[in-house]
Amino acid sequence: MYLGLDLGTSGLKAILTDRAGRVIDTAEMHYDNPHPRQGWSEQDPADWIGACEHALDTLRARQPNAVASLRGIGLSGQMHGATLLDADDQVLRPCILWNDTRAAKQAAWLDAQPRMREITGNIVFPGFTAPKLLWLKEHEPETFEKVAKVLLPKDYLRFWLTGEHVGDMSDSAGTSWLDVGARDWSDLALATGHMRRDQMPDLCEGSAVSGHLRDALRQDWGITGPVVVAGGGGDNAAAACGAGCFAEGQGFVSLGTSGVLLAAKDRFAPDAGSAVHTFCHAVPDRWYQMGVILAATDCMNWLSRQTGQSAADLAGALPDRISGPSSLTFLPYLSGERTPHNNADVRGAFVGLDIAQGPADLTQAVIEGVSYALRDCLAALNGTGTELTSVIAMGGGARSRYWLETLATVLDLPLSIPAGGEFGAALGAARLGIAADTGAPVADIMTPPAIAETVDPRSDLQDQYAAGWERYRALYPAIQGAV
């Protein structure tokens, strides 16, 4: 049996599988995400441990024999968080999370330093790990002086499980300290950020063994034999493993709170200026690129609050088939934008509002605006030489047939819809655990999910939506300085 642990921002998901990757059971536990000041986002690492303990207790109560047969654990988690340990491995302060923006000034300074983009393959974004430590040096110098190790969130969970300070390549690629092409810590990037290599965890590939479950935990959980803990991966890399996306041309689009268009790569081909993320994949000799928009279904949630109708009801009021783009254009920059603009200050807009328009018109414009933003991401990916040939659609927005047909047509890509079941980051983590324990080829383990149907682009409407995207793109210069 194998266990995947996905340490998210709002909770931990545990998934128990057999050696073939068939899901036996799942458990989820939730915890708080405090925002003690404007722009701050933190968590107590002890809450992650408590959630993991409760999840294992739940699985043990329901599946005692399966848990007893556990042989491998894989980890996935929210990226970029700074969990700070002192020389005695004690947590120094709450973890500063990926969605914390306090280090914007430090990120801009780091991003401007020689060779940082060349080494890391990315813009230094405020949410990345390195600028958080510069902020700490400036604002909490006594704590900064005590930092002996910096661990990403899932790697702190690994430390509790194994007693080892280890990180994987995919998660570490989001720190701004890793040479992403060489898959090793960069002494120059570390020194630029006033850090040292000895403050970093050891590195391993996501499908390799990073350590073994501590005997005390093995006994507490009634496990009969040794348990390997795989390197694991950052959340999107692990989700790609769960969806079978690890070969050139494979990818997925995620319509979640934020929007992600991810493409697996067999080479390191960054273009930091486009605000495309280029990270190591969770499997050896692979990378991935992704465009990220900061608000996807979050835009529908916003519209829901304004109209008093649920997001599901708003989407459900639209037909299943599209008939052409709206004359109303929505710019989905409600929280700023990442790809391709890297602009935290830009804000959204409706352009072309008419007195006769109602909630259905606003909903259509929101769906089209998010789809156009993901088309921006595709253009940025294409600019690096990336071509997607197989795309799986996932996330809450993928439940809307109207949205899927809009997106397929805007992207000019067929979208594969999984038949159901588990195929996300927790399953990807479990698959990495299988790989670490068995040594089986990743291609045999990380197969794509069964596909229920494929939504094709509407060729009869292609030109109309292409023109809609051009109108959408032309509006950005007009609003970027409006705030």
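As a starting point, this report considers the structure included with it. Please read these numbers as outputs of a predicted model, since none were measured by experiment.

1. As for the nonpolar core
And step 1. Within the largest apolar cluster, 64 residues are counted, with the highest numbers of intra-cluster contacts made by Leu133, Val150, Trp177, Met195 and Phe252.
And step 2. Those residues in contact with tryptophan 177, other than ones at most four positions away along the chain, are Thr129, Ala130, Leu133, Val150, Trp185, Ser186, Ala189, Leu190, Met195 and Met200.
And step 3. Formed by 54 residues, the second largest nonpolar core is a distinct cluster that contains Val276, Leu331, Leu374 and Val410.

2. A short note on the packing of aromatic side chains
And step 1. The final tally for this structure, using the stated rule, is 13 aromatic pairs.
And step 2. When the ring of tryptophan 40 is compared with that of tryptophan 135, the centres are 5.5 Å apart and the planes differ by 85°; the resulting orientation is edge-to-face. Here the residue tryptophan 40 occupies a position in the loop between strand S3 (23–30) and strand S4 (42–43), and tryptophan 135 occupies one in helix H5 (residues 129–139), the gap between them amounting to 95 residues. With respect to class, tryptophan 40 is no different from tryptophan 135; both count as buried.
And step 3. Through a chain of ring-to-ring contacts, three or more aromatic side chains come together here, namely Phe125, Phe128, Phe279 and Tyr288.
And step 4. The side chain of arginine 102 reaches across the aromatic face of tryptophan 40, ending 3.6 Å from its centre.

3. Here we look at unusual backbone geometry
Note on backbone geometry: most residues besides glycine have negative phi, and most peptide bonds are trans.
And step 1. For the bond running from threonine 339 to proline 340, omega is 5°, close enough to zero to count as cis.
And step 2. Residue placement: proline 340 occurs in the loop between strand S20 (329–331) and strand S21 (349–351).
And step 3. Its identity is not glycine, yet aspartate 412 carries a phi of approximately 55°, on the positive side.
And step 4. With respect to the helices and strands, aspartate 412 occurs in the loop between helix H15 (401–411) and strand S23 (415–418).
And step 5. Look at aspartate 412 and you get partly exposed, because its relative accessible area is 47%.

4. Structural notes on the pairing of S23
And step 1. The alternating pattern of S23 places Leu415 and Ile417 and Ser416 and Pro418 on opposite faces, both of which are buried.
And step 2. Bridge analysis of strand S22 (residues 390–394) against S23 gives two bridges, and the strand direction is parallel. Looking across to S23, one finds that valine 391 is bridged to leucine 415.
And step 3. Regarding topology, H15 serves as the crossover connection from S22 to the parallel S23, and that connection is right-handed.
And step 4. Taken together, the four bridges between S23 and strand S24 (residues 451–455) define a ladder with antiparallel strand orientation. Counterpart to leucine 415 in the pairing with S24 is valine 455.

5. Brief notes about the pattern of salt bridges
And step 1. If you walk through the whole model with that rule in mind, you get 25 salt bridges.
And step 2. Aspartate 18 is paired through a salt bridge with arginine 22; the nearest N and O atoms lie 2.9 Å apart.
And step 3. For aspartate 18, a relative accessible area of 12% puts it in the buried group.
And step 4. For arginine 22, a relative accessible area of 54% corresponds to the exposed category.
And step 5. The residue glutamate 248 makes a salt bridge to lysine 265 at a minimum N-O spacing of 3.2 Å. Placement of glutamate 248 in the loop between helix H11 (235–242) and strand S16 (250–255) and of lysine 265 in strand S17 (residues 259–265) is noted, with a sequence separation of 17 residues between them.
And step 6. Under the relative-accessibility criterion, glutamate 248 is labelled partly exposed at 32%.
And step 7. A relative accessible area of 1% means that lysine 265 is categorised as buried.
And step 8. What you see here is one network of salt bridges that share partners, running through Glu42, Arg93, Asp100, Arg102 and Glu140.

Conventions we followed
- Residues numbered from 1 in each chain as written.
- Predicted model: local features only at pLDDT ≥ 70, side-chain atom pairs only at ≥ 80, totals over all residues.
- Heavy atoms only, no water.
- Core = buried A, V, L, I, M, F, W, Y, C linked by side-chain atoms within 4.5 Å.
- Buried < 20%, exposed > 50% of the residue type's maximum accessible area, 1.4 Å probe, protein only.
- Contact = heavy atoms within 4.5 Å.
- Phe/Tyr/Trp six-rings, centres within 6.5 Å; stacked < 30°, edge-to-face > 60°.
- Helix = DSSP H or I, 4+ residues; strand = E, 2+ residues; numbered from the N terminus.
- Lys NZ or Arg CZ within 6 Å of the ring centre and 35° of its normal.
- Pairing = 2+ DSSP bridges.
- Right-handed = clockwise from strand over helix to strand, strands pointing away.
- Salt bridge = Lys/Arg side-chain N within 4 Å of Asp/Glu carboxyl O.

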